[in-house]
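Close look at the chain arrangement
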Amino acid sequence: MPYHCVAYGCGKTAEEGVTLFKFPKDPEEFRKWEKQVQRTRSQWVATPNSHLCSEHFGKEYFEPRPPAGPLKLKPGAAPTVFVRPVCSSCSGVGCNNCVPAIQRRGITAEPREHNVSVGSIIVVCEMCGTTGTIGTFFSKTKRFCSISCSRSYSSNSKKSSILARLQVRKRCFNWGTYLDSETSLAASVSCFRHAPLCAQWDDIEVGMKVEVLNTNAVLPSKVYWIATVIQIAGYKALLRYEGFEHDSSHDFWCSLVSGELKPIGWCAMTSKLLVPPQDWKEYLMKRLVGANTLPVDFYLKLAEYMKTSFRTGMRVEVVDPKHVSRTRVAVIDTIIGGRLRLVYADQSDALPNTVSDFWCHIWSPLLHPLGWSSRVGHDIKAPDCQLLCDLQPRFVYMEGSFFEKGMKLEAIDPLNLGSICVATVHKVLLDGYLMVGIDGTASNNGSDWFCYHASSHAILPVDFCKKNSIPLTVPQGYDSQSFTWDTYLKQTKAKPAPARLFNTDYQGHGFSANMKLEAVDLMEPRLICVATVKRCVGRLLLIHFDGWEDEFDQWVDHQSPDIYPVGWCDLMGYQLQSPPGLGNHFILTEKFLEL
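Residues numbered from 1 in each chain as written. Predicted model: local features only at pLDDT ≥ 70, side-chain atom pairs only at ≥ 80, totals over all residues. Heavy atoms only, no water.

In the annotation of an unreviewed UniProt entry, the entry for the protein chain reads L3MBTL histone methyl-lysine binding protein 2, and the organism field reads Echeneis naucrates. Recorded under Subcellular location (unreviewed entry), the UniProt text for the protein chain is reproduced unchanged: "Nucleus". (UniProt positions renumbered as here; feature names shortened; annotations may be inferred.)

In structure tokens:
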């Protein structure tokens, strides 16, 4: 019998167009591969003859392939693409309905016995291969040696699993079907001050009537009909044709900003055929005269929002993700809907055959004009720039005292955006900027300090977490259950930053828990994902990425330029990352979209 892939639900052989790779001989590498397979086959044990196929490895793990040569893995490659389908018969345990026959015929070994205590079990980091005891590893799953490896693995896994699922040239996430299945509402466009048409969105309301392509008509040419907006979800609308007042079986989702919807009277002005019911004149008089419809200048306003003063080739300063306490000069390479792909001017530290880049929005606090770092006294990786040193901070916009070096506060961890930590002001720059470090981190040279403005949502007064029932991450050596700020301030001989200095006030917003939206994964900012507002605390929103563990949640400001309404990616032509493991009925292919 030929060798087959041992991954759950796969079972492919070389005859099916894949390359099979034998488990490594190195014991640590062998165990790493085995653990990856066990994520979806918990009772499975590898043998020296076990194989995995090429579909379970990200592209970054393959050697450059010669025209006629075989596919080869790079040294240290690890499988990361494992999607376990949901089976209603066995709830994911594995049965005849969901496990390929070639795997059912195989002999599954019994789990190995471990005669050691749980805390001393030796584990291997699934990202970098570092060994250690289970008690020292990060997260509830104990799969990674550090949060950095956890984040890196998440990005690789997301990217690889998405590439493995894309079998057609263009796919578009089906928000309508997903919202119906989740029985969730979507955040209104008016909640996103950086989103196109946010200021005009109050003109868009349930009950308004539009003219739209009549796909139910069996005619040789395109005809239109009148529909009513039944539900609004971001830029998407659920429509019902007139004549089906109490029948939802023909309802359909459409993008409000795609240009497919027209105001009442459009067909008459453009000589398009409007196919009405019988007695259409009486119908129009009774039902359509005076009906609310799309504003006449709706698409003109949309075009105005799409304009930007940024241009490709412009140079800017942006945070260095490899050294968060400094900035780097970058060139604008791509602009999509206000999001910028920035290519760093200095590529000396880029990996071979790769380009060091960064994605962010034009309103991002990480983005600055050329010369900003020198002006405020911030470090910048630019040997040809002369930095301003030993400058005294100047306070020109606040009365009374300001932040001082050594003051304590609470801050969102820039390397783990779902965690709010005990932190310290280490340096006061100019123009209200601060260098803040998380207490208890290993770095002693300031390389992990992060630059926040005094108005930033990410810095908070002491006891903010306690007042809002948010877990506070305390320094190593302290117990989170018994930690108190009063005791800690006495032990460190420090004083808290005055509460009046923090920007915790807000005028309210339209977000609420369980609302759906599209959000940037700030630890991998090229990705925009299907997400949910998990919690609202003042101006802060806790964003959860659908289909991913809670440990990847992120705190953002309600005015963050990294969150978008449902349908934003579709409007801008940007790839939206769907939740892992979803069926194909949540994906619209290019063929369907052209109908």
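**Quick word on helix H4 (residues 175–182)**
Looking only at H4, the buried set comprises Trp175, Gly176, Tyr178 and Leu179. On an axial view of H4, the arc spanned by its buried residues comes to 165°, and they lie on one face. The opening residue of H4 is Asn174, an N-cap whose side-chain oxygen sits 3.3 Å from the backbone nitrogen of Gly176. Positive backbone phi, at 45°, marks Thr183, one or two positions downstream of H4. (Buried < 20%, exposed > 50% of the residue type's maximum accessible area, 1.4 Å probe, protein only. Helix = DSSP H or I, 4+ residues; strand = E, 2+ residues; numbered from the N terminus. Arc of directions from axis to C-beta. Polar contact = N/O pair within 3.5 Å; in protein donor to acceptor, adjacent residues only side chain to side chain.)

**So, the sheet that holds strand E6 (residues 209–213)**
In space, the 4 strands of this open sheet follow the order E6-E7-E8-E9, with antiparallel pairing throughout. Edge positions in the sheet fall to E6 and strand E9 (252–255), since each has one partner strand and no second. Direction aside, the axes of adjacent strands within the sheet are offset by 50° on average. The pairing of strand E8 (residues 236–241) with E9 spans 4 bridges and is classified as antiparallel. Looking at E9, one finds that Leu239 is bridged to Phe252. (Pairing = 2+ DSSP bridges. Axes fitted to C-alpha atoms, helices over the stretch in contact; angles between N-to-C directions.)

**Some thoughts on the nonpolar core**
The biggest cluster of nonpolar side chains holds 61 residues, and the ones touching the most others in it are Leu239, Ile543 and Ile563. Of the residues that make up this core, three or more belong to each of domain 3 (187–305) and domain 6 (515–582). If near-sequence neighbours (up to four positions away) are discounted, Leu239 is found in contact with Val212, Ala227, Thr228, Val229, Ile230, Asp251, Phe252, Cys254 and Leu261. Of all hydrophobic cores here, the second largest spans 52 residues; its members include Leu367, Leu417, Ile420 and Cys421. (Core = buried A, V, L, I, M, F, W, Y, C linked by side-chain atoms within 4.5 Å. Domains from an automatic or database assignment. Contact = heavy atoms within 4.5 Å.)

**Digging into the pairing of strand E18 (residues 433–438)**
Side-chain direction in a regular strand flips from residue to residue, so the side chains alternate between the two faces of the sheet. Counting buried positions along E18 yields 6 of 6 residues, so the element is predominantly enclosed. As judged from the 5 bridges shared by strand E17 (residues 416–428) and E18, these two strands associate in the antiparallel manner. The partner of Thr424 across the bridge, within E18, is Gly437. In textbook terms, the turn of a hairpin is the stretch between consecutive antiparallel strands, and for E17 and E18 this stretch comprises 4 residues, one of which, Asp431, has a positive phi near 60°.

**Re the pairing of strand E10 (residues 315–319)**
E10 sits mainly inside the fold: 4 of its 5 residues count as buried. Note: E10 against strand E11 (residues 326–336), 5 bridges, orientation antiparallel. Directly across from Val316, in E11, lies its bridge partner Ala330. In sequence, E10 turns back onto E11 through a hairpin of 6 residues. Pairing of E10 with strand E14 (residues 367–368) involves 2 bridges; the strand directions are antiparallel. When the bridges of E14 are listed, Glu317 appears paired with His368.

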